[in-house]
Amino acid sequence: MAEPILKVALDAPVMQAFDYLPPTAPVSLRPGQRVSVPFRSGERVGVILELAEDSKIPRDRLRRIRVCLDPEPLLDAKLMALLDWAATYYQHPPGEVYAAALPRLLRRGRGEAAHQHAWRTTAAGIAALGEGSLARAPAQARILTELIGKPWGMPMEELRRFGAATAKTIRALATKGLIEKVRATSPPLTGQPAPRPGPILNDAQRAAVEQITGSSGYGVFLLEGVTGSGKTEVYLQCVAAELSRGRQALLLVPEIGLTPQLLERIRARFPTVGLAVMHSSLSDGQRLDAWQRARRGEARIVVGTRSAVFTPLADPGIIIVDEEHDASFKQHEGFRYSARDIAVWRAHQLDITAVLGSATPSFETLFNSMSGRYRKLALPERTGAAGHPSVHLIDLRRHTPTDGLSAPLLAAIGRHLGEGGQVLLYLNRRGFAPTLFCPGCGGTIDCKRCDARLVLHRDRNRLVCHHCGAERSVPAECPECKGTLYPLGQGTERLENALQMHFPDAPAERLDRDTTRRRGELEERLARVASGRARILLGTQMLTKGHDFPAVTLVAVIDADQGLFGTDFRAAERLAQSFVQVAGRAGRGDRAGEVFVQTLFPEHPLLRLLVQGGYEQFAREALLERKAAAWPPYSHLALLRAEASRAEIAQDFLEAARRQAEGLDLSDITLLGPAPAAMERRAGRFRAQLLLQSPKRPALQRFLAGWRPLLAELREARTARWSLDVDPLEAD
Ligand code: ADP
Ligand code: ZN
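Residues numbered from 1 in each chain as written. Chains lettered and ligands numbered in written order. Predicted model: local features only at pLDDT ≥ 70, side-chain atom pairs only at ≥ 80, totals over all residues. Heavy atoms only, no water.

On to the overall build of the chain. Check the secondary structure of the chain and you find 20 helices and 30 strands. Computed over C-alpha atoms, the radius of gyration of the chain comes to 28 Å, within 12% of the 27 Å expected from 2.2 N^0.38 for 732 residues, which places it in the range of a compact globule. Along the longest, intermediate and shortest principal axes, the C-alpha atoms of the chain span 85 × 80 × 55 Å. Looking at the chain as a whole, 54% of its 732 residues are labelled buried. Once local pairs closer than 6 in sequence are excluded, the contacts in the chain between residues at least 24 apart make up 75%. Summed over all atoms, the accessible surface of the chain reaches about 32,500 Å², with 51% contributed by carbon and sulfur. Positive and negative side-chain charges in the chain, numbering 97 and 82 respectively, have mean positions lying 4 Å apart. (Helix = DSSP H or I, 4+ residues; strand = E, 2+ residues; numbered from the N terminus. Rg over C-alpha atoms; globule rule 2.2 N^0.38 Å. Buried < 20%, exposed > 50% of the residue type's maximum accessible area, 1.4 Å probe, protein only. Contact = heavy atoms within 4.5 Å. Areas by Shrake-Rupley, 256 points an atom, 1.4 Å probe, with all protein chains shown as cover. Lys, Arg positive; Asp, Glu negative; His and termini not counted. Charge placed at Lys NZ, Arg CZ, Asp CG, Glu CD.)

Spelled out as C-alpha cells, the structure:
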C-alpha cells in the first residue's frame, strides 16, 4: 500500500493545504496533530488536516514531514470542522485561519506552557489574619484575605489584578513566612462547584434564566435589556446551571468590556471554579496556559475577547456573547471574521445554547428575532430604584453654543452639580478642534497623505492626522495667505477647557484615547469617578461601553448630528446604539436621570423616533429603509477592497476582477462599482472597492468560491493590495 499523503495547513497566504509525505520515523498520524515540515528553504509548524491517497504533485517531488509534534491530536474534529467552515465562508487561506486559532507558542512548535508559580497562605498566614496582627499593614491583610480559601494559590498576575498587590507587599509577606511559593495548579475539580448565591432575580430575569437553562440542544436567545437591567446577572445564573451539569461556559465580551470589575464579579460568584481569561494583552505563556486549561476542561469558565471564540472546550455547554452589537467582534484585517456569527455557528455545531445580549442589538440580530430564528427575552426594567431617564432635545439653531455648550445645557449642568449629581458629556471626537481654518482664504490644514484634515491637539501643541497618525507642528499663520488661523469645531480637549472655565470647582475627568494611553491610566480615572472626586466626566465612545457610573444624573450628547448624516448604510444604527448606550449611563443609582441632546436638526424623523419611541421602534423604522435599499439583513454583502500607490492601479485590479465575475454565473448577484472608497486616499495609498450584493447567502457563497481563486491569478493582483471581506460591517 502506498504511503498516505498528508494535507497540512501552514500559515501562508495560499488557499489550499500543502501536501507532504509521512516522516521517515514511523509514527501514528492523525488530523489535528501539529507537524514540523520543510517549507521553502526553512521549516514551519502546521496542522494535519487530513490523510489523502493522492496529490496533484507527483510523489517524487513531495517532501517529507520532518517530525510530528503531538502524540495525540491537539485539535478535535469539531474544532477543525469549525475552522474549515470559517476558512470557506470567509474565503480565507486555511493555514491563516488555523494560525488565528492557535496560541503563538503552539504555532512555534512549543507544547505545554512553562509552569507558573503561585502564592498561597501558610498556616502562620492564616493565624496572623485571625489574630488581626496585620492591622497596620492593610495591603498585606487584603492579599492574605484574597488567598485564604484558595488552597491552590494564585499566580502573581492574578494577585495584581484582584488585590492590587505589588511585588514589595508580596516579598514582605513571604519574608514573614505568611505566604509561600508553590507550583501553580488549577483548582481541584470537586464534583459540584458551588457558586455563591447572587441577588434574588426579578421576574424578567427569572423568566430569562428559566427559558435559557430549560432549553436543550441548539437554540439562540437574544437577551435584550437596557444597561443596568441585570443581563450580566442572567449570564452568571446560566453559567452556574451549565457548571452544575458538568459543562463549560464560554463568555465572549467586547475588547473594552473585559474589565477587572467583570472578572471580579465572576471570581466572587464562582470562587472554586477554574477560570481562563483570554485577551490580547496576555503574555504568550499565559495565553497558552489558558488555552490548554480550557482544552483539558480544567477551566470551566472561559472569558475572552474576539479570538476566544476558537478556544477548544472539553465539555462545551453554553456560549454567551455580551454586547453582541459591538464592532470589536469583527476582525477588520487579515482573517475578517465575525466572532458573534461564528459563536452562533459553533453553538449549532455543538448542539448547545447561544445567548446574545445587548441593550442595542445589531439589526441583523433583531431581524433574526423578529423572524423567529432567535428567541427574544426582554429585561425591560432596571434593577434598583431608578426609572428611565427623561430625554430633552436642545435646538442649537435657537441656542447658539460657545465651545460646544449651549445656554440650556450649561444651566442643566449647573443644576445637577448643585444637587450633588455627577455629569457625563459625550463627544465622539478627541483633540482640541477637528479643523484649523483660515477665514482669509477659506483654507484648512490637511494631511499630506490622507483626504482628511489635521486635528489640533493643544495639549501637545501638534496637528495630528487621526487616520494615518502623521503629525506636524502648528503653523503660526496660514501657509497660503499668511492670515490668522482659527480652531473650528469641538474636540474633547476643548470641551474640557470650557467646562473648567464655567465650573471651576467641579473637577473634570476626560476619557479618550489621549488621556488613557498609559497602562492603568483608564483605571485611575475611573476610580476618581467612582469615588466621587470627579464631578464631571467627558469623553468619546469609550464612555459608552460597559462602565457603571451610579452617581451620574445628567448625560449630555454634545453633537448628535455627527452620526445623523453618515454615508454608510450602518450610520443610523451606530448613532442609535451609541446614543442609547450613553443615555443608559444616567441615573443608574437610585436617582432618575436626565439626558440632553444638542442638535441642529431637532425635527429629524429618526432622531425624534429614537428619543420618543426608543431603540426598538427606531430599529423597526430604520429596518424598513434597509429593506427598501436592499441592505443587510435583507441582503448579504461581500466587499472586494483594493489599494495602491496610484488610483489607476487599484481601479484596474477591480475592473479586471469585475470582468472575471461577469464570466461566471451571476444569478442573484449584483455587482456595484468599482468606486473610490469614501476616503479615497489614506496614508498615501489610493483605495477603491467593488461591492457584491445578493438576496441569498448560499448564492453569494457559491459565487465567491468560484471567483476567489481567479482573483489571485489576475496580473493586476501583483501590483494592487487587495482583500475580500465577507459580511463587511461597513460598505463605503
Ligand atoms: P447589565 O449587565 O444589564 O448592565 P448587571 O447584571 O450588571 O446589568 O446589573 C446591574 C446592577 O444591578 C449590578 O450591580 C448587579 O449586581 C445588580 N443586580 C442585577 N440583578 C439584580 C437583582 N435581581 N437584584 C438586585 N440587584 C441586581
Ligand atoms: Zn493622514
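One finds Leu75, Phe310, Ile342, Leu640, Leu692, Leu704 and Trp707 to be the most contacted residues of the largest nonpolar core, which totals 76 residues. It is helix 1 (residues 77-89) that contributes the most residues to this core, 8 residues altogether. In this structure, Leu692 is in contact with His636, Leu637, Ala638, Ile669, Thr670, Leu671, Leu700, Phe703, Leu704 and Trp707, ignoring residues within four places of it in sequence. Among the nonpolar cores identified, the runner-up in size contains 35 residues, and Tyr426, Val582, Tyr615 and Phe618 belong to it. (Core = buried A, V, L, I, M, F, W, Y, C linked by side-chain atoms within 4.5 Å.)

How two aromatic rings sit relative to each other is given by the distance of their centres and the angle of their planes. Enumeration according to the criterion identifies 14 aromatic pairs in this entry. Taking the centre distance of 4.5 Å and the plane angle of 10° together, the rings of Trp85 and Trp345 count as stacked. You can see Trp85 sitting in helix 1 and its partner Trp345 sitting in helix 12 (residues 339-350), a full 260 residues away along the chain. Consider the rings of Tyr89 and Tyr90, whose centres lie 4.8 Å apart with planes at 80°: the pair is edge-to-face. For Tyr89, a relative accessible area of 8% gives the class buried. Within the aromatic cluster, the residues linked to one another by ring pairs are Trp85, Tyr89, Tyr90, Phe310, Phe335, Tyr337 and Trp345. The ring of Phe432 carries the charged tip of Arg458 above its face, separated from the ring centre by 4.3 Å. (Phe/Tyr/Trp six-rings, centres within 6.5 Å; stacked < 30°, edge-to-face > 60°. Lys NZ or Arg CZ within 6 Å of the ring centre and 35° of its normal.)

It is worth spelling out the side chain of Asp395 at this point. As for its placement among the helices and strands, Asp395 is situated in strand 16 (residues 390-395). What makes Asp395 buried here is its relative accessible area of 14%. When neighbours within four sequence positions are excluded, Asp395 is seen to be in contact with Thr599 and Pro602.

With that out of the way, let us pick up the coordination of the zinc ion (ligand 2). With distances of 2.3 Å, the protein atoms coordinating the zinc ion (ligand 2) are Cys447 (SG), Cys450 (SG), Cys465 (SG) and Cys468 (SG). One way to put it: the 4 donor atoms around the zinc ion (ligand 2) meet at angles of 107 to 112°, and that makes the site tetrahedral. Written as a sequence motif, the donor residues of the zinc ion (ligand 2) are C-x2-C-x14-C-x2-C. Here the residue Cys450 occupies a position in the loop between strand 18 (435-437) and strand 19 (455-457), and Cys468 occupies one in the loop between strand 20 (462-464) and strand 21 (471-473), the gap between them amounting to 18 residues. Assessed through its relative accessible area of 23%, Cys468 is described here as partly exposed. (Donors = N, O, S within 2.8 Å, 3.2 Å for Na, K, Ca; no water. Tetrahedral: all angles 85-135°; square planar, octahedral: opposite > 155°, others 65-115°.)

Turning our attention to the environment of Asp732. Here Asp732 is to be found in the segment after strand 30 (721-726). Given a relative accessible area of 33%, Asp732 falls into the partly exposed group. Distance in space between the C-alpha atoms of Asp732 and Met15 is 27 Å, their sequence separation being 717 residues. If we skip the residues at most four places from it in the chain, Asp732 touches Thr567, Asp568, Ala678 and Gln689.

Now for a nonpolar patch on the surface. Among the surface-exposed residues, Phe565, Leu600 and Phe601 lie close enough to one another that they form a single nonpolar patch of about 260 Å² accessible area. In this fold, Phe601 is placed in the loop between strand 26 (594-599) and helix 18 (605-628). Residue Phe601 is classed as partly exposed on the basis of its relative accessible area, which comes to 31%. (Patch = residues over 30% accessible without salt bridge, like charges linked within 9 Å, V, L, I, M, F, W, Y side chains within 5 Å. Salt bridge = Lys/Arg side-chain N within 4 Å of Asp/Glu carboxyl O.)

Turning our eyes to something else, we now look at the packing of helix 5 (residues 138-147) against helix 7 (residues 167-175). Running from amino to carboxyl end, helix 5 crosses helix 7 at an angle of 75°, the nearest separation of the two axes being 10 Å. In terms of axis orientation, helix 5 runs roughly perpendicular to helix 7. Packed against helix 5, whose contacting residues are Ala139, Gln140, Ile143 and Leu144, the element helix 7 presents Thr169, Ile170, Ala172 and Leu173 at the interface. Considered class by class, the residues forming the contact of helix 5 with helix 7 number 6 nonpolar, 2 polar and no charged. (Axes fitted to C-alpha atoms, helices over the stretch in contact; angles between N-to-C directions. Parallel < 35°, antiparallel > 145°, perpendicular 65-115°, else oblique. Nonpolar A, V, L, I, M, F, W, Y, C, P; charged D, E, K, R; others polar.)

The next subject is the site of ligand 1. Looking at ligand 1, there are 16 residues lining it, with Ile200, Gln205, Gly228, Thr232 and Arg265 nearest. Taking Thr232, its side chain carries an N or O atom lying 2.5 Å from an oxygen atom of ligand 1. Within the contact set of ligand 1, an oxygen atom lies 2.8 Å away from a side-chain nitrogen or oxygen of Arg265. Within the complex, the protein chains bury 71% of what would otherwise be the 560 Å² of accessible surface of ligand 1. (Near = heavy atom within 4 Å. Polar contact = N/O pair within 3.5 Å; in protein donor to acceptor, adjacent residues only side chain to side chain.)

Think of a sheet as strands paired side by side through backbone hydrogen bonds, with each pair either parallel or antiparallel. The sheet built from 6 strands is open, its strands ordered 16-26-25-17-24-23 with parallel pairing. The outermost strands of the open sheet, each flanked by one partner alone, are strand 16 and strand 23 (508-511). On average, each strand axis in the sheet is inclined to that of its neighbour by 20°, with strand direction left out of account. Across 6 bridges, strand 16 lies against strand 26 in parallel orientation. Note that in strand 26 the partner of Val391 across the bridge is Val595. Where helix 14 (residues 407-418) meets the sheet, it contacts strand 16, strand 17 (422-426), strand 24 (536-539), strand 25 (552-557) and strand 26, and its direction lies at approximately 160° from that of strand 26. (Pairing = 2+ DSSP bridges.)

This part is about empty space enclosed by the protein. Counting across every chain of the model gives 1 cavity of 30 Å³ or more. Looking at the largest cavity, its volume works out to about 50 Å³. What lines the largest cavity is simply Leu236, Val239, Ala249, Leu250, Leu251, Ile266, Phe270, Ile301 and Ile320. For the lining of the largest cavity, the secondary-structure elements that each account for two or more residues are helix 9 (231-244) and strand 10 (248-252). Per-element accounting of the lining of the largest cavity gives the leading share, 3 residues, to strand 10. Tallied by class, the residues present in the lining of the largest cavity amount to 9 nonpolar, no polar and no charged. (1 Å grid on protein atoms, 1.4 Å probe; cavity = no way out; pocket = protein on both sides within 12 Å on 5 of 7 lines; lining within 4 Å. Points joined across faces, edges and corners; volume = space filled by probe spheres on them.)

One turn of an α-helix holds 3.6 residues; hence residues three or four places apart share an orientation. Taken together, the buried positions of helix 7 are Thr169, Ile170 and Leu173. Summarising the axial view, the buried residues of helix 7 lie within an arc of 100°, below the 170-degree limit, and thus occupy one face. For helix 7, exposure combined with an orientation more than 90 degrees from the buried face picks out Lys168, Arg171 and Thr175. (Arc of directions from axis to C-beta.)

Turning next to the pairing of strand 27 (residues 636-644). Among the 9 residues in strand 27, 8 count as buried, and that is most of the element. Pairing of strand 27 with strand 29 (residues 685-694) involves 9 bridges; the strand directions are antiparallel. Counted as the bridge partner of Glu643 is Arg687 from strand 29. Pairing geometry for strand 27 and strand 30, over 6 bridges, is antiparallel. If you follow Ala642 over to strand 30, its bridge partner there is Trp722.

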